[in-house]
Amino acid sequence: MTDDKRNGLYFSHPSIEDIDEIDALETASYPPDEAATRERLIYRCEKANQYFIIARKELNGPVIGFICGTVSVGDNLTHQSMFEHVPTGRTLNIHSVVVESSLRRQGIAKEMLEHYIKLYEDTKQIDQILLLSKKHLQSLYELVGFRLIGPSKVVWGEELWFEMRRDLKET
């Protein structure tokens, strides 16, 4: 994907040169026991780049948000699926949905999610998208078609997470 402009946002896949900005956003957006490490972000950028998007307000401006994911096998999130990328898998796992703090509650996360989902909706490979959500963010994900599965078996940090699913294929 080259830079793709949609509703005032430019979307692209990140390069390794974007990691400093991505890491700063991740660190500022999650408590230390929940934030992905710089090494994990680099792994996702290098190994699962096609499932990692960044958003900018200007073509060459700063990164204002990102969504990163990896692909796995299986129908539910597991601790293992959160740490690996299986390119032949059929389940896309979203690890982070991040918007720079001063720009939150302006519809940017929703716009990013809609763009992200559209990228994989018509592929033959991906059947579903899974993510972990805190309770207060479930309504955002429901706006773009995710449905609540229930409390997650994956423990990440101290707060309770909920698994959500967005089916991409008719069953």
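Draft legend 1. Expanded view of the pairing of strand 4 (residues 63-72). For strand 4, the tally of buried residues reaches ten of ten residues, placing the bulk of the element in the interior. Sheet topology note: the strand 3 (residues 52-56)/strand 4 ladder contains five bridges and is antiparallel. Looking at the pairing, Ile53 lines up with Ile67 of strand 4. Between the antiparallel neighbours strand 3 and strand 4 lie six residues. Bridge count between strand 4 and strand 5 (residues 91-99): eight bridges; the pairing is antiparallel. If you follow Val71 over to strand 5, its bridge partner there is Leu92.

Draft legend 2. Expanded view of the side chain of Asp23. When you line up the elements, Asp23 lands in helix 1 (residues 19-29). Dropping the residues within four chain positions of it, Asp23 is found in contact with Ala36, Arg38 and Leu41.

Draft legend 3. Summary view of the packing of aromatic side chains. One pass over the full model with this rule turns up four aromatic pairs. Their ring planes at 35 degrees and their centres at 5.2 Å tell us that Tyr51 and Tyr120 sit as a pair that is tilted. Of the two residues, Tyr51 is situated in the loop between helix 2 (38-47) and strand 3 and Tyr120 in helix 3 (residues 108-121); the sequence distance between them amounts to 69 residues. Neither Tyr51 nor Tyr120 differs from the other in exposure class; each is buried. Summarising the aromatic geometry, the rings of Phe52 and Phe66 are spaced 5.8 Å apart at their centres and angled 35 degrees between planes, so their arrangement reads as tilted.

Draft legend 4. Quick peek at the pattern of salt bridges. Taken as a whole and assessed by the stated rule, the structure comprises nine salt bridges. Notably, a salt bridge pairs Arg38 with Asp23, separated by 3.5 Å at the nearest N-O pair. In this pair, Arg38 is assigned in helix 2 and Asp23 in helix 1, connecting sequence segments 15 residues apart. For Arg38, a relative accessible area of 33% puts it in the partly exposed group. Close ionic contact of Asp127 with Arg90 constitutes a salt bridge, the shortest N to O distance being 2.8 Å. Here Asp127, found in the loop between helix 3 and strand 6 (128-133), pairs with Arg90, found in the loop between strand 4 and strand 5; they are 37 residues apart in sequence, far enough to count as distant. We classify Arg90 as partly exposed; its relative accessible area is 39%. A cluster of three or more residues bridged by salt bridges with shared partners is formed by Asp20, Asp23 and Arg38.

Draft legend 5. Broad picture of the nonpolar core. Counting residues in hydrophobic clusters, the biggest one holds 30 residues, and the most contacted among them are Ile94 and Phe146. Breaking this core down by element, the ones donating at least two residues are strand 2 (9-12), strand 3, strand 4, strand 5, helix 3, strand 6 and helix 4 (138-143). Per-element accounting of this core gives the leading share, seven residues, to helix 3. Those residues within four positions of Ile94 in sequence are excluded, and the remaining contacts are Ile67, Cys68, Gly69, Leu113, Tyr116, Ile129, Leu130, Leu131 and Phe146. Ile22, Ala35, Val98 and Val154 belong to the second largest nonpolar core, which has 20 residues in total.

Cut-off values and rules
Residues numbered from 1 in each chain as written. Predicted model: local features only at pLDDT ≥ 70, side-chain atom pairs only at ≥ 80, totals over all residues. Heavy atoms only, no water. Buried < 20%, exposed > 50% of the residue type's maximum accessible area, 1.4 Å probe, protein only. Helix = DSSP H or I, 4+ residues; strand = E, 2+ residues; numbered from the N terminus. Pairing = 2+ DSSP bridges. Contact = heavy atoms within 4.5 Å. Phe/Tyr/Trp six-rings, centres within 6.5 Å; stacked < 30°, edge-to-face > 60°. Salt bridge = Lys/Arg side-chain N within 4 Å of Asp/Glu carboxyl O. Core = buried A, V, L, I, M, F, W, Y, C linked by side-chain atoms within 4.5 Å.

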